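Here is how the chains run, residue by residue.
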There are 4 protein chains.
Amino acid sequence: MVAGARAVARGWSEPHGLLTETPMFEGADLPALRGLVFGGHDIRRGCIFDAAREIYEQTGTIPYPMLRQLAPDLRKVTAELRRGTLLNAGRTITRLADRAPAAKSVRAEVRRLERDIRAFTKRHKLTQCVCVNLTSTEPQLRLGPAHRDLARLEEAIDRDAVRSVRPSLLYAYVAAKLGHPFIHFTPSNAALVPAVRQSFDDSGVPYMGSDGKTGETLVKSSLAPMFKYRNLRVLSWQGYNMLGDRDGVVLADADNKRAKVESKDALLAGILGYPLHTHVGIDYVPSLNDLKTAWDFIHFQGFLGVKMSMQFTWQGCDAILAAPIVLDLIRLAALAQRRGETGSLRHLSCFFKRPLDVDQHDLHQQWHLLADYAQRARQG
Amino acid sequence: MVAGARAVARGWSEPHGLLTETPMFEGADLPALRGLVFGGHDIRRGCIFDAAREIYEQTGTIPYPMLRQLAPDLRKVTAELRRGTLLNAGRTITRLADRAPAAKSVRAEVRRLERDIRAFTKRHKLTQCVCVNLTSTEPQLRLGPAHRDLARLEEAIDRDAVRSVRPSLLYAYVAAKLGHPFIHFTPSNAALVPAVRQSFDDSGVPYMGSDGKTGETLVKSSLAPMFKYRNLRVLSWQGYNMLGDRDGVVLADADNKRAKVESKDALLAGILGYPLHTHVGIDYVPSLNDLKTAWDFIHFQGFLGVKMSMQFTWQGCDAILAAPIVLDLIRLAALAQRRGETGSLRHLSCFFKRPLDVDQHDLHQQWHLLADYAQRARQG
Amino acid sequence: MVAGARAVARGWSEPHGLLTETPMFEGADLPALRGLVFGGHDIRRGCIFDAAREIYEQTGTIPYPMLRQLAPDLRKVTAELRRGTLLNAGRTITRLADRAPAAKSVRAEVRRLERDIRAFTKRHKLTQCVCVNLTSTEPQLRLGPAHRDLARLEEAIDRDAVRSVRPSLLYAYVAAKLGHPFIHFTPSNAALVPAVRQSFDDSGVPYMGSDGKTGETLVKSSLAPMFKYRNLRVLSWQGYNMLGDRDGVVLADADNKRAKVESKDALLAGILGYPLHTHVGIDYVPSLNDLKTAWDFIHFQGFLGVKMSMQFTWQGCDAILAAPIVLDLIRLAALAQRRGETGSLRHLSCFFKRPLDVDQHDLHQQWHLLADYAQRARQG
Amino acid sequence: MVAGARAVARGWSEPHGLLTETPMFEGADLPALRGLVFGGHDIRRGCIFDAAREIYEQTGTIPYPMLRQLAPDLRKVTAELRRGTLLNAGRTITRLADRAPAAKSVRAEVRRLERDIRAFTKRHKLTQCVCVNLTSTEPQLRLGPAHRDLARLEEAIDRDAVRSVRPSLLYAYVAAKLGHPFIHFTPSNAALVPAVRQSFDDSGVPYMGSDGKTGETLVKSSLAPMFKYRNLRVLSWQGYNMLGDRDGVVLADADNKRAKVESKDALLAGILGYPLHTHVGIDYVPSLNDLKTAWDFIHFQGFLGVKMSMQFTWQGCDAILAAPIVLDLIRLAALAQRRGETGSLRHLSCFFKRPLDVDQHDLHQQWHLLADYAQRARQG
């Protein structure tokens, strides 16, 4: 994401994949791409130039000559990275980390994250700061009273109730506290629990989630309405996903996978309006690295009860699909804050597998929400 | 189509595939399915029960026990079939015919078709009659002055200008003359030439076309917007269609195929808004019979110029997909006439590969036109 | 299988799928197809004509008019069916049964099965009788001392050690006892335990197994050698199987599935000669009934380390693929007995996913074993 | 090919794709990979380092850091390239050239090619020189008396009968004259006409062709036998190939394509033993560059006449698949010469779509020819 943002900003690459660079948003009060400053918390050490080079070696998606030109930019961002939190992250994510988890207490950890972000915005004299949760999919958090109400959450943090938090909850909580718009890009259920949403709402800060819709689910939500338009009855929709990067490692853990599968599976019955046989498989195939491959099989019934089928194979590079969406969301969240919008940003539903406060899963209906918004935003 | 209409009307089969049987049109002034009476012109002799049995033997799509129960209904409709016209139909279609073409002159042929339809409506005391053009795809007609203006078309017919007509032109012309709504379900360019449209418009009779959107093109028009929504640049869209029925025989003739390919190919640039590399292949594969199989390959470019791909295989039974659409169109054309609508029925664009007077190829946008119309129609 | 055997014997259908009807076996001393008499043990009640009609209704694979003509033949075979055994069959298979399991003891059950088969061969004055195990995949049997040696197995049966047997063990044991060649067409590990093989070997009766190679695995074993021939390194081979019939119900039970997956998965490393990442998924998709659909994705590496891929979709009707193989195996087992062959019939390895006593999984190598045998058999 | 040969020779890349680097040929008297010296005739100017960089930019198949390390090697080979001949090459190939075609006469051109090769072998003090024809597929040459007999071919060359030659004929003719083994890697019919073969045979020089079997056809020849093994009747086999490199440009010309399609299409009926419906499409899809994508659909009939299907998608990088085969063939041709073999090298049939003097298209049978040969060669 960082490499691409810089490459486009410097004019070294076309802005394919970025909606905020199309005429749709011309004239809207978006922050300029070249003005974005990146920082973050990461549970793994190391330079993001090296990470980008690893991506090049595995999948070739960042052209090598460009990568070398971007090295100074990437090194600069590396200097802005701080140690991420691993508080109750679950064993699989914890195993991925190579930075020692050293939280004295939940409250201390919260303070550390806060301090880091404050220093970052101050150092760069930022007028706005958008926080995006890009952590690996966490095991589902069992929700309790501490998650229903802000006061009780504060209390849980104070009494060091580690089991009641997850990293994504802490990041969201801190963003709300600091008054920064928040984008929840993963399916983890801990980030936007009611208590955290209350905090955002209290301070009038916009947020949206959850789980970026980048590949197979995007296709699903684009294709499923067609069957409805023709009154063709979908009998079964089987989806098989294969991926081989760190996401794949995390999702190979059944606890972490559950949240993801639910997020991917919910939308079909919603679009079609009836229950149907579905399956979402996610398998770890290391040799694929980031080149996610999905195969979907759709069995449907038409006139005279005749059964027919459709199948598709999606071969997309996950990071390449996700990165521009994250950039779009950052800029659109900043725009929303500038426009004084609060609460969940429902017009961004087309970017998410589980759009907050939006029941509509039909991609085309979601698109109209965004298109209408863009028109208003263009007019100021 | 006839077998299915009767099977659904008698309650022997679910109305899958029929939009006019969904809540969407509940309360609209549609003719009842069980009230439809079928007749027609055909260039091939023989009982439609035998034709239906042949379909069973080749693809099994009509369940055999139901077929036997439908025999009396199908024999009754057979008695309503008259000899179709072959005037300037082209060699491939003419070769399919087994009824001797015996036109004395174009005008005599026109009178015969007229007489047949008049007798049919009288015999059954019909209040409305919708004509549907389901002839095989004809070679493209080179348009000239005779097609631009009704008076000159009449004149051409009178001086027996056989080269200026095609069967589909004659059927449309006769429908207009008799004041019957007309549905042009094939890509032949002869049916709705300006002179014929003028005739419909003069008498205030509605019509729509052309080329039913049943399979691969339907998927295309549902999927292409997704790439636009994400600003993913489509580099190439290759489509390969295989089919093995009489349609396949006709489309194996390059003259007839041209019209079809153009109809299938036009929409992508329209939806995406830029020119792109496309290909539409249609091959005759006899063993498939009616079980049309299409494979599409979509090559697209995302962030940082990375190329990715998607492919789909569509395995649909062409007749099973087309039949309910034809029934829907018959009923919706009748509804339009009842509601006093005239001209091209643009709200039916979602059913056609080349919707008349509609530039919008995005299936979802087309759907909204129909949904809005249905809402108005439900309210009377 | 019965319907097809009769249809081909009566000349109503071509012998597609049957290798024993090709010139390959012309002149070999095979029992004639029309001379085969069918009987069996089944855990479900009911007429096999009704079962065949159900197949017609679900998938249309047996043409309806032929089905009606075959009714007398099918009813005759129904009269030969006896109650199957459910001794320690596992909960999922037991749930499928609609005939009351009423075994007094293991030994009593063995005697009943024996009696049934003896009566069958006597009633029809058969000169040979081949037993085929077509039971659903059982949960794996934990093998112990009772399975290593015939005397100890007899002893276990006598002391009613229900946990030490499975239906497929009992059928194989009885076949050996009666001196009938035995074909083990499923992956259940209980059928051909050493003790049972000892019994066959003692009486010089031939047998073979296990798990008929009908679809996706057949393709695998045909395709994998190609990668070896080109020194292309297979990195991952993912296989996803979907099926919806009773087999699917049974394999949805993880206990039963395990045996099947192992049987499908073993062969790749064997053919390629190195360990590789593989996955075999089997999912129950009811709407598919017997029309099994499998998708395989093969990721491989070539010159300069470049990764490439191949994928295939197999859409086969499981019963239609298996039935002729079972008929071939029956006839080839009878031939082997006539030729005085004993022990495992290794020349039949090409028909099995896990061929007994054969390490070779390359389909083409297996084929040569059969072709050489056929040549010898043709010459007497 | 050159980049890969050097990378493997220097130990910078694994020898994936090279059969001559496997234990199969251990101990055979093959020339060492690191000892190979490359030169050639090319119709396009320019450095092969630049060509390799272009490949990197388009498809990323040569890793960039390795490419830079290889630069000196590639520049050295560039210095060995001479102007290729364009005599009667056809318009499409001629259009690709950027070196002025300047042949005074056919004989003069022959002398020039001869001179170049002689100088090359002398300059590097080579003990053996293998010529490989890698020119683009030419339009088919209409064969006449001049091609049947060496004396008449000489005469035609002397009377400057330009229409009777093609570049590939001239290269083969010169190789024969100089006594160099010759590998014909393309489908052009001009290379190994009887007159040229006579020249090779007269001087006892081995040769083989034609048309390297690298991708879709390789899969076909591996898969088709499976249907025979099961007596499954193949009804239709449709193959669609898409490619976007210079090969694609040449094959977009119908004259050039014809030879290729015939080469790809012939083998199925040969393997299966009966005529069947086949189709081979080749389409130019520029965005794919060298990443060839093929889709095949196989329709087949089994027991009880039931139709089933299989489809596969092959996504291979053409150059990456072809390069190691060319290296294998160079080394195996050199080995054959060392072993005193003459005439067509039939044991190399597995590498060709149309193996000279070999009727067998079954990949597995072809493989046995090579495996047997390798065993003999290993033993000296």
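A brief report on the enclosed structure follows. Along each chain, the written sequence defines residue order, and numbers are assigned to residues from 1. Working convention: letters from A go to chains and numbers from 1 go to ligands, in the order in which they are written. Under the rules for a predicted model, residues below a pLDDT of 70 receive no local features and side-chain atom pairs below 80 are neither given nor counted, while totals for whole chains, interfaces and linings still include all residues. Hydrogens and water are ignored here; the side-chain numbers use all heavy atoms of the structure.

Observations regarding the pattern of salt bridges
The rule for a salt bridge is simple: a side-chain nitrogen of Lys or Arg has to be within 4 Å of a carboxyl oxygen of Asp or Glu. For the structure on display, the rule yields 76 salt bridges over all chains. Put simply, Arg338 of chain B and Asp29 of chain B hold a salt bridge, and the shortest N to O gap is 3.3 Å. Residue Arg338 of chain B is found in helix 13 (residues 318-338), and its partner Asp29 of chain B is found in the loop between helix 1 (2-9) and strand 1 (40-42); the two are separated by 309 residues along the sequence. Through salt bridges with shared partners, one network takes in Arg6, Arg10 and Asp73 of chain A. A run of DSSP states H or I qualifies as a helix once it reaches four residues; a run of E qualifies as a strand once it reaches two. Both are numbered from the N-terminal end.

Quick word on the state of the cysteines
Sulfur atoms of two cysteines make up a disulfide when they are within 2.5 Å. Counting across every chain of the model gives zero disulfides over all chains. The thiol of Cys129 of chain A is unpaired, and the distance to the nearest cysteine sulfur, on Cys131 of chain A, comes to 4.5 Å.

Some details on the sheet that holds strand 3 (residues 131-133) of chain C
All names here are of chain C. Two strands pair under a simple rule: DSSP has to find at least two bridges between them. The strand order 3-4-5 describes an open sheet built from three strands, whose pairing is parallel. The sheet is open, and its two borders are formed by strand 3 and strand 5 (207-209), each paired with just one other strand. Strand-to-strand twist of the sheet, defined as the mean angle between neighbouring strand axes without regard to direction, takes the value 10°. Strand direction decides the pairing type here: strand 3 and strand 4 (residues 182-184), joined by three bridges, are parallel. Residue pairing in the sheet places Asn133 in a bridge with His184 of strand 4. The axes used here are C-alpha line fits, helices contributing only the stretch in contact, and every angle between their N-to-C directions lies in the interval 0 to 180 degrees.

A word on the relation of the copies chain B and chain A
The copies were overlaid by least squares, fitting only the C-alpha atoms of residues that reach a pLDDT of 70 or more in each copy. Of the transformation superimposing chain B on chain A, the axial component is 0.0 Å and the angular component is 180°, with the fit at an RMSD of 0.0 Å. Overall, the copies show the geometry of a two-fold rotation axis. Across chain B, the rotation axis passes nearest the C-alpha of Phe312 of chain B, at a separation of 2.0 Å.

Focus: the relation of the copies chain A and chain D
Once chain A has been moved 0.0 Å along the axis and rotated by 180°, it coincides with chain D to within an RMSD of 0.0 Å. Of all interface residues in chain A, 100% are interface residues in chain D too; the two copies therefore contact each other through one and the same surface. In this description, contact between two residues means that some pair of their heavy atoms is separated by no more than 4.5 Å.

Side note on the pairing of strand 8 (residues 291-301) of chain D
Residues and elements named next belong to chain D. Among the 11 residues that make up strand 8, 10 are buried, leaving the element largely enclosed by the rest of the structure. Here strand 6 (residues 233-243) pairs with strand 8 via nine bridges, running antiparallel. Across the sheet, residue Trp237 finds its bridge partner in strand 8, namely Ile298. Where strand 8 meets strand 9 (residues 307-317), 11 bridges bridge the pair, whose relative direction is antiparallel. Opposite Phe300, over in strand 9, you have Met308 as the bridge partner. In this scheme, a residue with accessible area under 20% of its type's maximum is buried, one over 50% is exposed, and one in between is partly exposed, where area comes from a 1.4 Å probe on protein chains only.

Some details on the sheet that holds strand 4 (residues 182-184) of chain D
Residue and element names in this part refer to chain D. Strand order in the open sheet formed by three strands is 3-4-5, and the pairing between neighbours is parallel. The open sheet has two edge strands with one neighbour each: strand 3 (131-133) and strand 5 (207-209). If you compare each strand with its neighbour and ignore which way they point, the axes differ by 10° on average. The pairing of strand 4 with strand 5 spans three bridges and is parallel.

What to know about the interface of chain B and chain A
On the side of chain A, 58 residues touch chain B, which itself brings 58 residues to the contact. Here chain B packs against chain A, burying approximately 5000 Å² in sum over the two surfaces, 68% of which is carbon and sulfur. For any pair of parts, buried area is found by adding up, for both, the accessible area (1.4 Å probe) each one loses once the two are put together. Of all residues in chain B, Arg230, Phe303 and Leu304 of chain B bury the most surface against chain A, accounting for 19% of the area lost on that side. Joining chain B to chain A, the criterion identifies zero salt bridges. Here a polar contact is taken to be a pair of N or O atoms separated by no more than 3.5 Å, where protein atoms must pair a possible hydrogen donor with a possible acceptor and residues adjacent in sequence count only if both atoms sit in side chains. Inspection of the chain B/chain A interface yields 20 residue pairs in polar contact (both at pLDDT 80 or more). Looking at the side of chain B that touches chain A, the elements that each hand over two or more residues are helix 1, helix 9 (216-229), strand 8 (291-301), strand 9 (307-317), helix 13 and helix 14 (363-378) of chain B. Looking at the side of chain B that touches chain A element by element, the count peaks at 10 residues for strand 9 of chain B. A per-class count over the side of chain B that touches chain A returns 35 nonpolar, 19 polar and four charged. Pairing analysis gives seven bridges linking strand 9 (residues 307-317) of chain A to strand 9 of chain B, with the strands arranged antiparallel. Along strand 9 of chain B, the bridge assignment pairs Trp314 of chain A with Met310 of chain B. Just so you know the grouping, Ala, Val, Leu, Ile, Met, Phe, Trp, Tyr, Cys and Pro go in nonpolar, Asp, Glu, Lys and Arg go in charged, and all remaining residues, Gly too, go in polar.

Quick word on unusual backbone geometry
For the bond running from Gly209 of chain A to Ser210 of chain A, omega is -5°, close enough to zero to count as cis. Within the secondary structure layout, Ser210 of chain A lies in the loop between strand 5 (207-209) and helix 9 (216-229). Not every positive phi belongs to a glycine, and Asp357 of chain B is a case in point at roughly 65°. Locating Asp357 of chain B in the fold gives a position in the loop between helix 13 and helix 14. Judged by relative accessible area, which is 43%, Asp357 of chain B ranks as partly exposed. Residues other than glycine seldom take positive phi values, yet Asp160 of chain D does so here, at roughly 55°. Relative to the elements of secondary structure, Asp160 of chain D occurs in the loop between helix 6 (150-158) and helix 7 (167-178).

A few points about empty space enclosed by the protein
Within this scheme a cavity is a closed region of a 1 Å grid, computed over the protein atoms alone, that accommodates a 1.4 Å probe without allowing it to escape, whereas a pocket is open but has protein on both sides within 12 Å along at least five of seven lines; lining residues each have an atom within 4 Å of a point. Grid points are joined across faces, edges and corners, and a volume is the space filled by probe spheres set on the points. Throughout the structure, instances matching the rule amount to five cavities of 30 Å³ or more. The volume enclosed by the largest cavity comes to roughly 90 Å³. Residues that form the lining of the largest cavity fall into these classes: eight nonpolar, eight polar and no charged.

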